[in-house]
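Coordinate analysis (summary)
Here's the letter readout for the chains.
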Amino acid sequence: MLANFEALKKSAQGKGTMTIAVASAEDEHSLEALKELEEHLSVRCLLVGDRAKITRICEQISLKIDYDGIIDAQGEEDAAAKAVALCVEGRADILMKGKLQTSTLLKAVLNKETGIRQGGLMSHLAALESPAYYKLMFITDGGINPNPDASQKKAVLENAVTFLHKLGYDNPRVAALAAVETVSDKMPETSDAAELAQKNRDGEISGCYVEGPLSFDLAISRESAAIKGVDTKIAGEADIFLMPNISAGNIMSKALLYLGGAKMAGCVLGAKVPIVLTSRGATSEEKLLSFLLCLAAG
């Protein structure tokens, strides 16, 4: 169990040197995060983009990068393609989105001939440190798949479980969320959650413990479960919060971030390497925490 991002940082410190490729790296927040990262961990940076702009920002923030560590690119598409190529060639262990559109980076990632998709479903995983919960919360999927069906949710879940195993979790607890804890024909997500829980009991989904459908209060509060009279082993213990759709995941993450005092890190799973995928408006801290999340699982 990881209690907070400080514990995640300590986990990352035990890893060997890893290389990060940043697409369109002419982004001050990204480079500030890399500078702080290099002060504490063993990492190497390959910065892809406008060489002149990248060099200027590095000089302004006193980030030392060898000339060979900056790879010149002409525009966003070229930067995305070259950064992805570094991962294909095995020269980079982590891919990061810099100052470019998410769609541009994902187009390069998903290219059938030159991309790094592994064939399965890709999904987004957010890790949040909330002052109201005693350990890190892992929310999926709030960034890639709009309305996944039951089979796609299974893939999203398995991506998250595999990633948490790399973080040291032996048997993460999964709450398949819905608005209610009973199956309803009017809410397809409740049937999906029940199906996933059954597949977990049957051994088709392994390496974790799944319950669902569960309302969010049941997933995080033993008191709520007791009041409602719901028999659940997950109440107050959930590690992974499996969302019914992208809107729920996105809204929940941002609500915790902006109104709940939480800190967040995020990455995309299911490719050859983890992908640090944050908003272009994300702070340097969020980008740093996202680096740590990927490094800790390396």
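Residues numbered from 1 in each chain as written. Predicted model: local features only at pLDDT ≥ 70, side-chain atom pairs only at ≥ 80, totals over all residues. Heavy atoms only, no water.

Moving on, we get to the pattern of salt bridges. If you walk through the whole model with that rule in mind, you get 12 salt bridges. Note that Asp 192 is salt-bridged to Lys 153, the shortest N-O span being 3.0 Å. Remark: Lys 153 occurs in helix H6 (residues 150-166) and Asp 192 occurs in helix H7 (residues 188-201); sequence separation between them is 39 residues. The exposure class assigned to Lys 153 is buried, which follows from its relative accessible area of 5%. (Salt bridge = Lys/Arg side-chain N within 4 Å of Asp/Glu carboxyl O. Helix = DSSP H or I, 4+ residues; strand = E, 2+ residues; numbered from the N terminus. Buried < 20%, exposed > 50% of the residue type's maximum accessible area, 1.4 Å probe, protein only.)

Let us now look at H7. In a regular helix each residue adds 1.5 Å, so 14 residues correspond to 20 Å; H7 covers 20 Å between its end C-alpha atoms and thus fits that length. Every buried residue belonging to H7 is among Thr 190, Asp 192, Ala 193, Leu 196, Ala 197, Lys 199 and Asn 200, and all of these are buried. The inward-facing, buried residues of H7 abut H6, strand E7 (173-177), strand E8 (209-214) and strand E9 (240-242). (Expected span 1.5 Å × (residues − 1). Contact = heavy atoms within 4.5 Å.)

Evaluated as defined, the whole model comprises 1 cavity of 30 Å³ or more. Within this model, the largest cavity holds a volume of roughly 40 Å³. Mapped by element, the contributors of at least two residues to the lining of the largest cavity are E7 and H7. A per-element tally of the lining of the largest cavity places H7 first, with 4 residues. (1 Å grid on protein atoms, 1.4 Å probe; cavity = no way out; pocket = protein on both sides within 12 Å on 5 of 7 lines; lining within 4 Å. Points joined across faces, edges and corners; volume = space filled by probe spheres on them.)

A separate point is the layout of surface pockets. There is about 540 Å³ of room inside the largest pocket. In terms of lining, the largest pocket is formed by 26 residues, of which the most central are Lys 254, Met 264, Thr 278, Ser 279 and Glu 286. The set of elements that each furnish at least two residues to the lining of the largest pocket consists of strand E5 (123-129), helix H10 (246-258), strand E10 (263-269) and helix H11 (284-296). Counting residues per element, the lining of the largest pocket draws most heavily on H10, which supplies 6 residues. When the residues that make up the lining of the largest pocket are grouped by side-chain class, the tally is 9 nonpolar, 12 polar and 5 charged. (Nonpolar A, V, L, I, M, F, W, Y, C, P; charged D, E, K, R; others polar.)

Glancing now at the pairing of strand E4 (residues 94-97). The side-chain alternation of E4 yields two buried faces, one formed by Ile 94 and Met 96 and the other by Leu 95 and Lys 97. Sheet topology places E4 next to strand E11 (residues 275-276); 2 bridges connect them, and they run parallel. Looking at the pairing, Met 96 lines up with Val 276 of E11. (Pairing = 2+ DSSP bridges.)

Spanning 13 residues, helix H2 (residues 28-40) covers 19 Å between terminal C-alpha atoms, matching the ideal 18 Å at 1.5 Å per step. For H2, the full list of buried residues reads Ser 30, Leu 31, Ala 33, Leu 34 and Leu 37. Angular distribution of buried residues about the axis of H2 spans 155°; they occupy a single face of the element. Next to the buried residues of H2 lie strand E1 (18-23), strand E2 (43-49), helix H3 (51-61), E4 and H11. (Arc of directions from axis to C-beta.)

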